[in-house]
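Chain and residue survey
The chain contents come next:
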Amino acid sequence: MREPDRALIDEFVDSLWLADGLAKNTLAAYRSDLALFAAWLDERQHTLLDAQEADIDAWLAHLHRRSERLRPTTLRRFQASLRRFYRWLIDQGRRSDDPLLNIQPPVVAERFPKTLSEKNVEALLAAPDVATPLGLRDRALLELLYATGLRVSELVSLKLFNLSLDDRVVRTFGKGGKERLVPLGEVAAEWLQRWLAEGRPQLLKGRSSDHLFVTTRGAGMTRQMAWTLIKKHAVAAGIPREKISPHVLRHAFATHLLNHGADLRIVQLLLGHADISTTQIYTHVARARLKELHARHHPRG
């Protein structure tokens, strides 16, 4: 990738952060998508600034040929990144035309979140060995995820001062740094209390840390580590691998709330979704569950 393109991407990503306060992972995705396109253009003696509709068509065709390894949603994200980048160039007065104006977004089949039954969740929560400090940590972590619907990235960012067991509430910062308060159930609060009183001091061994969940080294957990723990305990609980995802307890949290009559707007607030259309994907899962129950229990189902 040429240096002018690298500098242009840096400037664009910085502008997104300043204007919208997007999360680090979102900014990294924009940077990665544009860097791949810039490298591809460089091989053809073009730059991001002078790319035309034909270049973008050829790039999307190149990605489509790799689509056996790329999900349709990833292809759509590549195009969305380019669309926002070139509109930014137009706003900046660096281009007068939009090379994506006549390019239609790829059709993506509707996907529903992977979720678990309440029986699956009970098995997952019971999987850690709570006779050990690590097992106590993992049980408290899983209980907190299911009780609050936090994203894994939000969970590993929690500090001790974000948790109030007296008020049974968690303060977290979601996408774009937006703050929200999420209530905590009695069971999750009890497991967190046990972790803080028994497990955490044993792992820290006199070291200090303000992270709520710590490793054997006394450091905070990473997203990757938390995901690995979720997957390990899910497998131990006998949950099919196709049902396991990093946000599987977040999805279960939302679906089970709706199944038990929660209002969609309340679920939206608890999940920290800016747009209710994002929350509505769970209504499909809940509706499917209701149909299944009807078919199983109604005499004419």
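For the structure, check the block above.
Below is a short write-up of the structure. The structure displayed is predicted, hence computed values, not measured ones. (Residues numbered from 1 in each chain as written. Predicted model: local features only at pLDDT ≥ 70, side-chain atom pairs only at ≥ 80, totals over all residues. Heavy atoms only, no water.)

We now examine the overall build of the chain. Helix and strand counts for the chain stand at 13 helices and 3 strands. Across the 301 residues of the chain, 41% fall into the buried class. Sequence separation of at least 24 residues holds for 58% of the intrachain contacts in the chain that already meet a minimum separation of 6. Roughly 16500 Å² of accessible area belongs to the chain as shown, and the carbon and sulfur atoms make up 53% of that amount. (Helix = DSSP H or I, 4+ residues; strand = E, 2+ residues; numbered from the N terminus. Buried < 20%, exposed > 50% of the residue type's maximum accessible area, 1.4 Å probe, protein only. Contact = heavy atoms within 4.5 Å. Areas by Shrake-Rupley, 256 points an atom, 1.4 Å probe, with all protein chains shown as cover.)

Glancing now at the nonpolar core. With 46 residues, the main nonpolar core has Leu-144, Leu-184, Leu-192, Leu-212 and Phe-213 as its most contacted residues. When residues of this core are traced back to their parent elements, those giving at least two are α5 (118–125), α6 (133–148), α7 (152–156), α8 (186–204), α9 (223–236), α10 (248–259) and α11 (264–271). In terms of residue count, α8 provides more of this core than any other element does, 7 residues in total. With residues up to four places along the chain from it excluded, the contact list for Phe-213 reads Arg-137, Ala-140, Leu-141, Leu-144, Leu-155, Leu-192, Trp-195, Ala-219, Gly-220 and Met-221. (Core = buried A, V, L, I, M, F, W, Y, C linked by side-chain atoms within 4.5 Å.)

Now for unusual backbone geometry. Positive phi, close to 60°, is recorded for Gln-45, a residue that is not glycine. Following the sequence through the fold, Gln-45 ends up in the loop between α2 (24–42) and α3 (53–65). Given a relative accessible area of 60%, Gln-45 falls into the exposed group. For Arg-168, which is not glycine, the phi torsion reads 55° and is therefore positive. Its place among the elements puts Arg-168 in the loop between β1 (163–164) and β2 (169–173). Exposure remark for Arg-168: the relative accessible area of 36% places this residue in the partly exposed category.

This next bit is on the pairing of strand β3 (residues 179–183). Residue alternation in β3 divides its side chains into a buried set, Arg-180 and Val-182, and an unburied set, Glu-179, Leu-181 and Pro-183. Of the pairings in the sheet, the one linking β2 to β3 comprises 5 bridges and is antiparallel in character. Its bridge partner lying in β3, Arg-171 is registered against Leu-181. (Pairing = 2+ DSSP bridges.)

The next subject is the sheet that holds β1. What the 3 strands build is an open sheet, ordered β1-β2-β3; its pairing is antiparallel. Whereas interior strands pair on both sides, the edge strands pair on one side only; in this sheet they are β1 and β3. Where β1 and β2 come together, 2 bridges link them in antiparallel fashion. Within β2, the residue paired with Ser-164 across the bridge is Val-169.

In the structure shown here, the tally under the stated rule is 13 salt bridges. Across the salt bridge formed by Arg-171 and Glu-179, the nearest N and O atoms sit 3.4 Å from each other. Its relative accessible area of 27% is what places Arg-171 among the partly exposed residues. Here the residues in one salt-bridge network are Arg-151, Glu-154 and Arg-180, joined through shared partners. (Salt bridge = Lys/Arg side-chain N within 4 Å of Asp/Glu carboxyl O.)

A word on the packing of aromatic side chains. The geometry of an aromatic ring pair is captured by two quantities: the separation of the ring centres and the angle between the planes. Taken as a whole, this structure holds 10 aromatic pairs when the rule is applied. Ring centres of Phe-12 and Tyr-30 lie 5.9 Å apart, and the angle between their planes is 85°; on these two criteria the pair is classed as edge-to-face. One end of the pair, Phe-12, is in helix α1 (residues 3–20); the other, Tyr-30, is in helix α2, and 18 residues separate them in sequence. Side by side, Phe-12 and Tyr-30 carry an identical accessibility label, which is buried. (Phe/Tyr/Trp six-rings, centres within 6.5 Å; stacked < 30°, edge-to-face > 60°.)

Time to look at the side chain of Asn-120. Within the secondary structure layout, Asn-120 lies in helix α5. With residues near it in sequence (within four places) discarded, Asn-120 still touches Ile-239 and Lys-243.

Any functional reading would require information that these geometric values do not contain.
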